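Spelled out, the chains give:
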Amino acid sequence: MPRFRPMLRRQERSRSPEFALPNPRQNVASHLRSMLREHDGPVDICVAFIRNSGFSLIKEAIGDRLKLPESRLVASVGFPTDLGLMNQLHELYGPNVRIHLGHASPTEVGLKPCAHRPQMHSKVYVSHGHRHFSAWVGSHNLTAYALAGTNVEAAACIRGERKGPFWGGLSSFLSTVFDEAEEYLPGRNDLYTALQCR
């Protein structure tokens, strides 16, 4: 595995977890960008929904790092995920872009199954260094409503070494989600659109 240069000063690496949002309608885009820039290694992005309006707010902070073999981006197939954007991201980043199709059951009684199928609903952003990581865990989808302060959202920012119980749990969680998802394939757009069936 290539070596990545940690970009945090030593005293910053061991900070306690931070509750990122004292104001639940805070514009957090700049805070998330700063967190993503703390390391220059791979990035993991795991969100329920992704829109161009949201991705554009962090695109500069991740640069070409989604091209790194260890980087991963996954979004749920459900609306309002922007399938056109997923097409564009797949063209740029290939198999690192994945889509989670959710599950067929259980469904709630009386609800249209395709519109209310269980789905991957997590929101986790991770910036990796060689020995350290920074993670944003909360309710923020990759949408402008979430990141620009329109929605009421919450998040915590956790920084630490790539070892120990928290790192082990985070790594296991992300690997499970990405393994459940499939590579986004433009040739399956008809299926993805049918699963959105809003």
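Heads up: the structure comes first, above all this text.
Residues numbered from 1 in each chain as written. Predicted model: local features only at pLDDT ≥ 70, side-chain atom pairs only at ≥ 80, totals over all residues. Heavy atoms only, no water.

Chemist: So what exactly am I meant to see when it comes to the packing of helix α2 (residues 29–36) against helix α3 (residues 52–62) here?
Modeler: The axes of two packed helices give the description: the angle between them and the distance between them. The geometry of α2 relative to α3 is characterised by a closest axis approach of 9 Å and an angle of 25° between their N-to-C directions. If you check the angle between α2 and α3, you find them roughly parallel. As α2 packs across α3, the resulting crossing turns out to be right-handed. Note on element contacts: α3 touches α2 through Leu-57, Ile-58, Ala-61 and Ile-62, opposite Ala-29, Leu-32, Arg-33 and Leu-36. A breakdown of the residues in the contact of α2 with α3 according to their chemical character gives 7 nonpolar, no polar and 1 charged. (Axes fitted to C-alpha atoms, helices over the stretch in contact; angles between N-to-C directions. Helix = DSSP H or I, 4+ residues; strand = E, 2+ residues; numbered from the N terminus. Parallel < 35°, antiparallel > 145°, perpendicular 65-115°, else oblique. Left-handed = near helix turned anticlockwise from the far one by under 90°. Contact = heavy atoms within 4.5 Å. Nonpolar A, V, L, I, M, F, W, Y, C, P; charged D, E, K, R; others polar.)

Chemist: I keep staring at the packing of aromatic side chains and nothing clicks. Help me out?
Modeler: Each aromatic ring pair is described using two quantities: the centre-to-centre distance and the angle formed by the ring planes. Counted by the stated rule, this structure contains 3 aromatic pairs. Ring geometry for Phe-133 and Phe-166: centres 6.0 Å apart, planes at 10°, overall stacked. Taken together, the residues span a long stretch of sequence, with Phe-133 in strand β6 (residues 132–138) and Phe-166 in helix α6 (residues 164–180) at a distance of 33 residues. Given the relative accessible area of 3%, Phe-133 is considered buried. Of the residues examined, Phe-166 reaches a relative accessible area of 41% and is grouped as partly exposed. Between Phe-133 and Trp-167, the aromatic rings sit 5.1 Å apart at their centres with planes inclined by 35°, giving tilted as the arrangement. Placement of the pair is Phe-133 in strand β6 and Trp-167 in helix α6, with a sequence separation of 34 residues. As far as burial versus exposure is concerned, Phe-133 and Trp-167 are alike and both buried. Taken together, the ring pairs in this structure connect Phe-133, Phe-166 and Trp-167 into an aromatic cluster. (Phe/Tyr/Trp six-rings, centres within 6.5 Å; stacked < 30°, edge-to-face > 60°. Buried < 20%, exposed > 50% of the residue type's maximum accessible area, 1.4 Å probe, protein only.)

Chemist: How do you make sense of the pairing of strand β3 (residues 72–76) when you look at a structure like this?
Modeler: β3 sits mainly inside the fold: 4 of its 5 residues count as buried. You can see the chain leave strand β2 (residues 43–47), run along α3 and come back into β3, and the turn it takes is right-handed. Across 4 bridges, β3 lies against strand β4 (residues 97–100) in parallel orientation. Among the inter-strand pairings, Ser-76 is bridged to a residue of β4, identified as His-100. (Right-handed = clockwise from strand over helix to strand, strands pointing away. Pairing = 2+ DSSP bridges.)

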